[in-house]
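# Fold and contact review
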Amino acid sequence: MASLYHLAPPSPPDGNAAPPARQQGCVLAKVSNFNDLRRDIGVGPMRRLMQLLVGRVVEAVPGAAVELAARDVIAVDFATARPDALAHVVGLCRSACATLIQIEDFSCLPKMVASGAIAPVGGDSTLLVERAEAALADAEQAMAAPRASLPGGVEERVVAEVDGALDRGEMVLHYQPKVHIRRQAIDCVEALVRWQHPERGLVPPGDFIPATERAQRMERLTLWTIAQAITDQRTLRAQGHDLRIFINMSGHLLADAEFVRLACAAITAAPDARLGFEVTETSVIRDPDGAIAHLREFDRIGVRISIDDYGAGLSSLAYLKQLPACELKIDKLFVTQLTSSNRDPLIVRSTIDLAHALDMEVVAEGVETQAALALLSVMGCDMAQGYFISPPLAPAPLAAFLAAEQHHQATQDVRGSFTRRAAGWKRG
Ligand code: C2E
Ligand code: MG
Ligand code: MG
C-alpha cells in the first residue's frame, strides 16, 4: 500500500527513464462547511482542526506529500502506477476527514468535497494543479447542482418535513416477507418506511426518500429505522416470530464513517438484534474502498448484507466479488415481466447461477403472479418477495399473516404448475 503512493521522482533529464504507466496526481480536499464550523468553534480551534485533518490524510495516503494549500483546502501530491489511483486517493481523503472530530470541547463534522487530476510523471506540474483546481470547482458545483435545479428548495423542505415527522412520531415501518421457496418458510422481512401523515394518509417512501437522499440527509431517518426495527423485532419475537429484518441503506451513508460508527453502536447495544442491510451496487461503486470497508464492519457485527435492485443499475462482477454480501436481490423490473418476455428469463436464470457461484442466496422481488413464482422455483431461486405472497404489512397484520401461515396459499399451488413449467423451461 505504502509503495503505491510515494512521491514522484524528479523528472528524468531525457524524459524516457520513467515507465510510461507511472503517473503523478494532485488531489484537493476542501472543507465545504469551513465558515460554518469556524463560526461555531472559533478561529484557533478551526486552525487546529485543519492541522488534524492534514495529519489524517498523511496517515490515509502514505508516502504522499500533504500540505494545507489554503485555509480550507488540503493538497495531496502523489505518484503511482495504479490505474484507479485518482478515485482511490479522493475516496481515502474523504473518508479520512468526514468523521466526527473532537476539538477541545467541540465535536464537529467536516463536510468534504474532493477531486483532482492525474498526468504522466514529468509533465507540467502547474498545469496539473490547475486541472485539479478546475476538477474541485466542478465537484463543488455538482454537489450544489441538484438543490439548485429544484425550485424553492424542495429538498430542504422535504428534509425539514421528515425531521418534523420523526419528532412527532409519524414515521412507521411496514414489513414485507421474503419467503424461502423450497422450505416454504419465512425467516426474514424487509423494513419499508412510510409516513403516517395526519391529513395525507400513508405517504409512500418514494415521496420523501429520494429528496432526502439527494440532500444527503438520510442519517437520522436510517438510525430511527434501525432502532424501530429492533423494537418491532422484539415484539414479533415475543409473539413467536423470530425474523431477521433487512433495512434499506442509502448510498451516501455507506461512505459516511460517522454514520457507520453510530449505526454499529446502536446495533451492538442490542445483542438480540438480527439485522441485514440492503445496499445497491451503484452506491458501492461511488466509493468502493470506503463502502467495502464499512460493509465489512457491519458484517463483522453480524449484519447480513444484501445487494438490492440487482440489474437495475451498473452491474459489475468485479465489485460483487469484493462485497461481504450473502444475498442478491433481482430487481423487480426483470421479475414482473418474467413470464411475458423472452429476454428477462435468461437474465434472471444467469443471475441466479452467478449468485450461487459466488455463494449468495437469491431473492426475486416483485413476484406478482403464481406463474412467476413457479418459474423462479424451477430456476433455483431461493427466495421470493412480492404482492403475490404479501404486500408490506404493519407489525400487527404481519404477526397475524405469519400466525395463519398464509404464505402457504401462495407457495403450495406453485408445486402444481411446477412440473409443467419446468419441462417447458428446460426445453427452452
Ligand atoms: P426497494 O428496497 O427495492 O423496495 C421494494 C419496493 O417494491 C417497495 O416499494 C415495495 O412495496 C415494492 N413492491 C413489493 N412487492 C412488489 C410487487 O410485487 N410488485 C411491485 N411492482 N412492487 C412491489 P416502497 O415500499 O414504495 O419502497 C420503494 C423504495 O423506497 C424501496 O425500494 C427503497 O429503495 C426505498 N425505501 C423504502 N424504505 C426505505 C428506508 O427505510 N430507507 C431507505 N434508504 N430507503 C427506503
Ligand atoms: Mg430494498
Ligand atoms: Mg429492491
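Cut-off values and rules
- Sequence order as written defines the numbering, with residues in each chain counted from 1.
- Chain labels run from A onward and ligand labels from 1 onward, assigned in the order the entries are written.
- Since the coordinates come from a predicted model, pLDDT governs what is reported: local features require at least 70, and pairs of side-chain atoms require 80 or more to be given and counted, while whole-chain, interface and lining totals use all residues.
- As a convention, hydrogens and water are excluded, and side-chain values are obtained from all of the structure's heavy atoms.
- Atoms are scored as donors when they are N, O or S and lie within 2.8 Å of the metal, with 3.2 Å used for Na, K and Ca; no water is included, so coordination may look incomplete.
- Relative accessibility thresholds used throughout: buried, under 20% of the residue-type maximum; exposed, over 50%; partly exposed, between the two (1.4 Å probe, protein chains only).
- Residues are counted as near a molecule or strand when any one of their heavy atoms sits within 4 Å of it.
- Any N or O atom pair separated by 3.5 Å or less is treated as a polar contact, with the protein-specific requirement of one donor-capable and one acceptor-capable atom, and with residues adjacent in sequence counted only for side-chain atom pairs.
- Each accessible area is a Shrake-Rupley estimate made with a 1.4 Å probe; only the visible protein chains count as cover when residues are assessed.
- Numbering of helices and strands runs from the N terminus, with a helix taken as a DSSP run of H or I at least four residues long and a strand as a DSSP run of E at least two residues long.
- The residue classification treats Ala, Val, Leu, Ile, Met, Phe, Trp, Tyr, Cys and Pro as nonpolar and Asp, Glu, Lys and Arg as charged. All others, Gly included, are polar.
- Only the stretch in contact is used when a helix axis is fitted, and all axes are lines through C-alpha atoms; the angle between N-to-C directions ranges over 0 to 180 degrees.
- For this classification, under 35 degrees means roughly parallel, over 145 means roughly antiparallel, 65 to 115 means roughly perpendicular, and everything else is oblique.
- In this scheme the handedness of a crossing depends on how the near helix is turned from the far one: anticlockwise by less than a right angle means left-handed, clockwise means right-handed.
- Contacts are assigned to residue pairs that have any heavy atoms within 4.5 Å of one another.
- Following DSSP output, two strands are said to pair if at least two bridges run between them.
- Ring geometry is summarised as follows: Phe, Tyr and Trp rings, the Trp one being its six-membered ring, pair when their centres sit within 6.5 Å, and such pairs are stacked at plane angles under 30 degrees, edge-to-face over 60 and tilted between the two.
- Lysine and arginine charges are scored as sitting over a ring when NZ or CZ, respectively, is within 6 Å of the ring centre and within 35 degrees of the ring normal.

What follows deals with the coordination of the magnesium ion (ligand 3). Those protein atoms acting as donors to the magnesium ion (ligand 3) are Asp308 (OD), Asp309 (OD), Glu365 (OE) and Glu365 (OE), and they sit at 2.1 to 2.7 Å. In primary sequence terms, the donor set of the magnesium ion (ligand 3) follows D-D-x55-E. The metal-metal distance between the magnesium ion (ligand 3) and the magnesium ion (ligand 2) is 3.8 Å, with Asp308 serving as a donor to both. For Asp308, a relative accessible area of 6% corresponds to the buried category.

In the region of ligand 1, 21 residues are neighbours, and Glu190, Arg194, Asn248, Glu368 and Tyr387 sit closest. Ser250 places a side-chain nitrogen or oxygen 3.0 Å from a nitrogen atom of ligand 1. One nitrogen or oxygen atom from the side chain of Glu368 is found 2.6 Å from a nitrogen atom belonging to ligand 1. In isolation ligand 1 has 800 Å² of accessible area, and contact with the protein removes 82% of it. Element by element, the count of residues in the shell around ligand 1 is highest for strand 8 (residues 185–197), at four residues. Split by residue class, the shell around ligand 1 holds eight nonpolar, five polar and eight charged.

Attention now goes to the packing of helix 2 (residues 43–60) against helix 3 (residues 85–97). Their axes nearest at 9 Å, the elements helix 2 and helix 3 cross at an angle of 135 degrees. When the axes of helix 2 and helix 3 are compared, the pair comes out oblique. The crossing of helix 2 and helix 3 is right-handed. On helix 3, the residues touching Leu53, Arg56, Val57 and Ala60 of helix 2 are Leu92, Cys93, Ala96 and Cys97. Partitioning the contact of helix 2 with helix 3 into residue classes produces seven nonpolar, no polar and one charged.

Below, the discussion takes up the sheet that holds strand 1 (residues 23–31). Strand order in the open sheet formed by four strands is 2-3-1-6, and the pairing between neighbours is antiparallel. Edge strands, defined here as strands with exactly one partner in the open sheet, are strand 2 (65–70) and strand 6 (112–120). This sheet shows a mean twist of 20 degrees between the axes of neighbouring strands, independent of strand direction. Across five bridges, the pairing between strand 2 and strand 3 (residues 73–80) is antiparallel. The partner of Glu67 across the bridge, within strand 3, is Ala75. Sheet strands in contact with helix 3 are strand 1, strand 3 and strand 6, and its direction is about 155 degrees off that of strand 6.

All chains considered together, the criterion is met by two aromatic pairs. Consider the rings of Trp195 and Phe208, whose centres lie 6.1 Å apart with planes at 85 degrees: the pair is edge-to-face. Here Trp195, found in strand 8, pairs with Phe208, found in the loop between strand 9 (201–203) and helix 6 (209–214); they are 13 residues apart in sequence, far enough to count as distant. A relative accessible area of 2% places Phe208 in the buried class. Where Phe277 meets Phe298, the ring centres are 4.7 Å apart and the plane angle is 85 degrees; that geometry is what we call edge-to-face. With a gap of 21 residues between them, Phe277 in strand 11 (residues 275–280) and Phe298 in helix 11 (residues 288–300) connect regions that are remote in the sequence. Classification of Phe277 as buried rests on a relative accessible area of 0%. Taking relative accessible area as the criterion, Phe298 reaches 0% and is therefore assigned buried. The ring of Phe246 has Lys178 sitting right over it, with the charged end atom 3.6 Å from the ring centre. Against the face of Trp195 rests Arg200, its NZ or CZ located 5.5 Å from the ring centre.

These results come straight from atomic positions and should not be treated as a statement about function.
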